[in-house]
Number of protein chains: 2
Amino acid sequence: MKPLLDLSVYLVLGPQDCPGQDPVDIATAAATSGASVIQLRDKRGTTREQVQLAQRLMTALEPLNVPLIVNDRIDVALAVNADGVHVGQEDMDASKVRELIGPDKLLGLSVSTQSELDAADLEACDYLGIGACFPTISKDDAAQVGMQNFRHLTEQATLPVVGIGGISLANAAQVISAGADGVAVISAICGAPDVSAATKELSSIVAARKDLG
Amino acid sequence: MKPLLDLSVYLVLGPQDCPGQDPVDIATAAATSGASVIQLRDKRGTTREQVQLAQRLMTALEPLNVPLIVNDRIDVALAVNADGVHVGQEDMDASKVRELIGPDKLLGLSVSTQSELDAADLEACDYLGIGACFPTISKDDAAQVGMQNFRHLTEQATLPVVGIGGISLANAAQVISAGADGVAVISAICGAPDVSAATKELSSIVAARKDLG
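Just so it is clear, the structure is predicted and the values come from calculations on it, not from any experiment.

So, about the sheet that holds strand β6 (residues 127-131) of chain A. Residues and elements named next belong to chain A. As summarised here, the arrangement of the 8 strands in space is β1-β2-β3-β4-β5-β6-β7-β8, forming a closed barrel in which the pairing is parallel. Averaged over neighbouring strand pairs, the angle between their axes works out to 25° when direction is ignored. Taken together, the 4 bridges between strand β4 (residues 84-87) and strand β5 (residues 106-111) define a ladder with parallel strand orientation. When the sheet's bridge partners are listed, G84 is paired in β5 with L106.

In structure tokens:
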């Protein structure tokens, strides 16, 4: 059965985001402090390294009931029986991914323009990532959509939406107000001096703004 | 059912090996001139690009009855229903790969030392790639095993062996004489002024030396 999907605080991370630290420690601290989804996004490690890290994340997150989503690498996700996969426009077609992962895994798709949304195979997907919401340095290929456009895309989406790109404690509320079900962050948590405190604060901001909506 | 495996002339290629040319053209010319296996090895393309190239190779090679093996990326292989996968020591464990690809696909594993051979899950595999036989510039992480050691490893292998690494028209016969069932090449074919002629010549050298054995 598909895991329940709570997009509220969606942490994206890989070794590149945690210099000098173990991504599993950061993911575990976040998952025990309110992060509702963890995505492994490793564009540099060998397949062996990615599988090993994904396996360690699964072992850490399973008892916490926080799903692990693997970015792009369906093979890595299948190898560790991860809870799902997230693909972008440079990755495999969502419909093909669904074929490979079967009906019981989560599938997210990133879109950043109207034409990408129009072309998306939404039936194959469980949620959309829309962004970049704000300027970001963590993902250098992400074009900023702007909040007005973000709201417009989110309104049309027939699936849950997580905002992504440049989201911080300072602007997370705007993303939820614009219609998102959650916020995806990298550096707002990985780069925080206190991962647990930053996650808790982000979680409160999202919950408070959702209550308003 | 598993495709028949003839390792005689095993061409490894990706966009990085064919500057200014279409890898599908080179693979097709080679496959019609005696290449018995084509391996797609693309360490740089996005997943989308790799799937597209793999699909084009499948379309070209299927009518020629030449199997397509995908290096490392099990997801790409599954997406296009390729004939098999080849993994190295930095890739996924062979036993896990076998779980993901099922019993009907080919699986090759690269080994270059006695300890790698001892640790290999040979039951999961259909063949071994052993090398680097000679100095090579195409694959910068390949340690040279030397021909004496190559022969020693090949003698112990209970699976068909393809020699790999720095193999050319000038030294291919040595590799077969040392016990290999075939030769894997990159630049001996991709870098040849006439791909068909080079493939035919390599094919004759291998066949002639096999007849002697």
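A few words now on the nonpolar core. Judged by nonpolar contacts, the single largest core of 134 residues is most densely connected at F150 of chain A together with F150 of chain B. Leave out the neighbours within four places in its chain, and F150 of chain B touches I130, C133, V145, V161, G163, V175, A178 and A180 of chain B.

Of the transformation placing chain B onto chain A, the axial shift is 0.0 Å and the rotation is 180°, giving an RMSD of 0.0 Å. Expressed as a symmetry operation, the mapping of one chain copy onto the other fits a two-fold axis. Judged by C-alpha distance, D75 of chain B is the residue of chain B that lies nearest the rotation axis, at 2.4 Å.

On to the sheet that holds strand β3 (residues 68-71) of chain B. Residues and elements named next belong to chain B. Taking strand neighbours around the barrel as the criterion, the 8 strands line up as β1-β2-β3-β4-β5-β6-β7-β8 in a closed arrangement whose pairing is parallel. Adjacent strand axes in the sheet meet at a mean angle of 25° when their direction is disregarded. Both β3 and strand β4 (residues 84-87) contribute to a ladder of 3 bridges, which runs parallel. When the sheet's bridge partners are listed, N71 is paired in β4 with H86. Lying over the sheet, helix α1 (residues 23-31) contacts β1 (9-13) and β2 (37-40), oriented at roughly 175° with respect to β1. Most of the contacts of helix α9 (residues 195-212) go to β1, to which it runs at about 140°, and overall it touches β1 and β8 (182-185).

Let us now look at the UniProt feature "binding site: Mg(2+)" (unreviewed entry) in chain A. This chain's UniProt record puts "binding site: Mg(2+)" (unreviewed entry) on D72 and D91 of chain A. For this annotated set, covering 20 residues, all C-alpha atoms fall within 5.9 Å of each other, a compact arrangement in space. Here D72 of chain A is to be found in the loop between β3 (68-71) and α3 (74-80). Once residues within four sequence positions are removed from consideration, D72 of chain A is found in contact with K43, H86, V87 and D91 of chain A together with T47, R73 and D75 of chain B. Relative to the helices and strands, D91 of chain A resides in the loop between β4 and α4 (94-101). Those residues in contact with D91 of chain A that sit more than four places away from it in its chain are K43, N71, D72 and H86 of chain A together with T47 and R48 of chain B. A polar contact is formed between the side chain of D91 of chain A and the backbone nitrogen of G88 of chain A, at a distance of 2.7 Å.

Attention now moves to the side chain of Q50 of chain B. All names here are of chain B. Considering the arrangement of structural elements, one finds Q50 in helix α2 (residues 47-61). On the basis of relative accessible area, Q50 is assigned to the buried category, the value being 4%. Among the polar contacts made by the side chain of Q50, one reaches the main-chain carbonyl oxygen of G45 at a distance of 2.9 Å.

Rules behind the numbers
- Residue numbers run consecutively from 1 along every chain, following the written order of its sequence.
- Both sets of labels track the order of writing: A upward for chains, 1 upward for ligands.
- With pLDDT at 70 or above as the cut-off, local features in this predicted model cover only qualifying residues; side-chain atom pairs require 80 or more to be listed or tallied, and sums for whole chains, interfaces and linings still use all residues.
- Hydrogens and waters are ignored; side-chain quantities use all the structure's heavy atoms.
- Any two strands with at least two DSSP bridges between them are considered paired.
- Secondary structure is summarised from DSSP: a helix means a run of H or I of at least four residues, a strand means a run of E of at least two, and numbering begins at the N terminus for each.
- Throughout, an axis means a line fitted to C-alpha atoms (over the contacting stretch in the case of helices), and angles, computed between N-to-C directions, take values from 0 to 180 degrees.
- Here, nonpolar core means buried Ala, Val, Leu, Ile, Met, Phe, Trp, Tyr and Cys residues that are tied together by side-chain atoms lying within 4.5 Å of each other.
- Relative accessible area decides the class of each residue, using a 1.4 Å probe on protein chains only: under 20% of the type maximum gives buried, over 50% gives exposed, and in between gives partly exposed.
- Only heavy atoms enter the contact rule, under which two residues are in contact if any of them lie within 4.5 Å.
- Residues reaching a pLDDT of at least 70 in both copies supply the C-alpha atoms on which the copies are superposed by least squares.
- UniProt positions are given in the numbering used here, feature names are shortened, and annotations may be inferred rather than shown by experiment.
- Polar contacts, as counted here, are pairs of nitrogen or oxygen atoms within 3.5 Å of one another; within protein the pair requires one atom able to donate a hydrogen and one able to accept it, and residues that are adjacent in sequence qualify only if both atoms are side-chain atoms.

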